[in-house]
Amino acid sequence: GAGVSQSPRYKVAKRGQDVALRCDPISGHVSLFWYQQALGQGPEFLTYFQNEAQLDKSGLPSDRFFAERPEGSVSTLKIQRTQQEDSAVYLCASSLGTVDYGYTFGSGTRLTVV
Amino acid sequence: TQLLEQSPQFLSIQEGENLTVYCNSSSVFSSLQWYRQEPGEGPVLLVTVVTGGEVKKLKRLTFQFGDARKDSSLHITAAQPGDTGLYLCAGPKGANSKLTFGKGITLSVRP
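Presented here is a report on the structure given in the accompanying data block. (Residues numbered from 1 in each chain as written. Chains lettered and ligands numbered in written order. Predicted model: local features only at pLDDT ≥ 70, side-chain atom pairs only at ≥ 80, totals over all residues. Heavy atoms only, no water.)

1. Topic: the interface of chain A and chain B
Frequently, the measure chosen for interface size is the accessible area that the parts lose on association. Using the following cut-off: Throughout, a contact is declared for two residues whenever any of their heavy atoms are within 4.5 Å. By definition, the buried area sums, over both parts, the 1.4 Å-probe accessible area that each loses when the two are put together. A pair is scored as a salt bridge if a Lys or Arg side-chain nitrogen falls within 4 Å of a carboxyl oxygen belonging to Asp or Glu. Counting of polar contacts relies on pairs of N or O atoms within 3.5 Å, with two restrictions inside protein: one atom must be capable of donating a hydrogen and the other of accepting it, and residues adjacent in sequence are counted only when both atoms are side-chain atoms. The helix and strand labels rest on DSSP assignments: H or I over at least four residues marks a helix, E over at least two residues marks a strand, and numbering proceeds from the N terminus. Each residue is assigned to one class: nonpolar for Ala, Val, Leu, Ile, Met, Phe, Trp, Tyr, Cys and Pro, charged for Asp, Glu, Lys and Arg, and polar for all the others, Gly among them.
Across the boundary between the two partners, chain A contributes 22 residues, which contact 21 residues of chain B. For the pair chain A and chain B, the summed buried surface comes to about 1700 Å²; carbon and sulfur atoms form 49% of the total. Across the chain A-chain B interface, the total number found is one salt bridge. Close ionic contact of Asp56(A) with Lys98(B) constitutes a salt bridge, the shortest N to O distance being 2.9 Å. Linking chain A to chain B there are nine residue pairs in polar contact (both at pLDDT 80 or more). At the level of secondary structure, the elements contributing two or more residues to the side of chain A that touches chain B comprise strand 4 (31-37), strand 5 (44-50) and strand 6 (53-56) of chain A. The dominant element in the side of chain A that touches chain B, judged by the number of residues it contributes, is strand 4 of chain A, at three residues. By residue class, the composition of the side of chain A that touches chain B is 11 nonpolar, eight polar and three charged.

Set out below in structure tokens:
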């Protein structure tokens, strides 16, 4: 597609439930990033992939968070045993390569843990 | 401590007014980017500034990168309601080209 596609757009999870968020980047974009954004705040880095390799996962807040991009295209962010503090918008971005190209963001998935 | 400090945090102005907002850091950046984000959407890239002292114009928006590459400003001339949104500055820091974002400036332009 022409842009970065994320699904679902909205997810309500009961505390303790596992969730999976999907990102379909722009075709040919080598770099893929996941960010977490609290209401009214800037995005916070979670993890980075170059093709299928996860090169940086320093921003993942706990071992309940796991991301994969097995074929270097679609990526999934999984959160196990969700907690209320996980409630946020999860943004996926892709890029041709170097940061000077800028990122193209998806519309995000708003996760609410109740 | 936030690497990129944006100010003011909130701004509400009348249509037709001019405004300037800021993005400051104590660190040097190789480049800085500005994004605008509307409710329910992801940030959209407005501009990348690379050279110290550089000025870039995008219609009524003027972006400047500080001479020392530690700060940037965004000036909007004759603001329109369509300019309403969250303005984010971001710069590459650390390995792997990941962008660090400021907390953003919430701009509201009243008709």
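Let's pick the thread back up.
2. A look at the state of the cysteines
Here is the idea: a disulfide is a covalent bond, and it sits between the sulfur atoms of two cysteines. What counts is decided by this rule: Put simply, a disulfide is two cysteine sulfurs that come within 2.5 Å. Buried, partly exposed and exposed residues are distinguished by accessible area as a fraction of the type maximum, computed with a 1.4 Å probe on protein chains only: under 20%, between the cut-offs, and over 50%, respectively.
According to the stated counting rule, one finds two disulfides over all chains in the structure shown. What pairs with Cys23(A) in a disulfide is Cys92(A), and their sulfur atoms sit 1.9 Å apart. Between Cys23(A) and Cys92(A) the disulfide shows an S-S torsion of about -65 degrees. By sign, it is left-handed. With a gap of 69 residues between them, Cys23(A) in strand 3 (residues 19-24) and Cys92(A) in strand 9 (residues 88-95) connect regions that are remote in the sequence. The partner cysteine of Cys23(B) in its disulfide is Cys89(B), sulfur to sulfur 2.0 Å. Residues Cys23(B) and Cys89(B) are joined by a disulfide whose S-S torsion is about 70 degrees; by sign, that bridge is right-handed. Placement of the pair is Cys23(B) in strand 3 (residues 19-24) and Cys89(B) in strand 9 (residues 85-92), with a sequence separation of 66 residues. With respect to burial, Cys23(B) and Cys89(B) carry one shared label: buried.

3. Concerning the pattern of salt bridges
All names here are of chain A. Tallied over the entire structure, the rule returns six salt bridges over all chains. The closest approach of N and O atoms between glutamate 68 and lysine 78, which form a salt bridge, is 3.4 Å. Of the two residues, glutamate 68 is situated in strand 7 (residues 65-68) and lysine 78 in strand 8 (residues 75-79); the sequence distance between them amounts to 10 residues. What makes lysine 78 partly exposed here is its relative accessible area of 32%.

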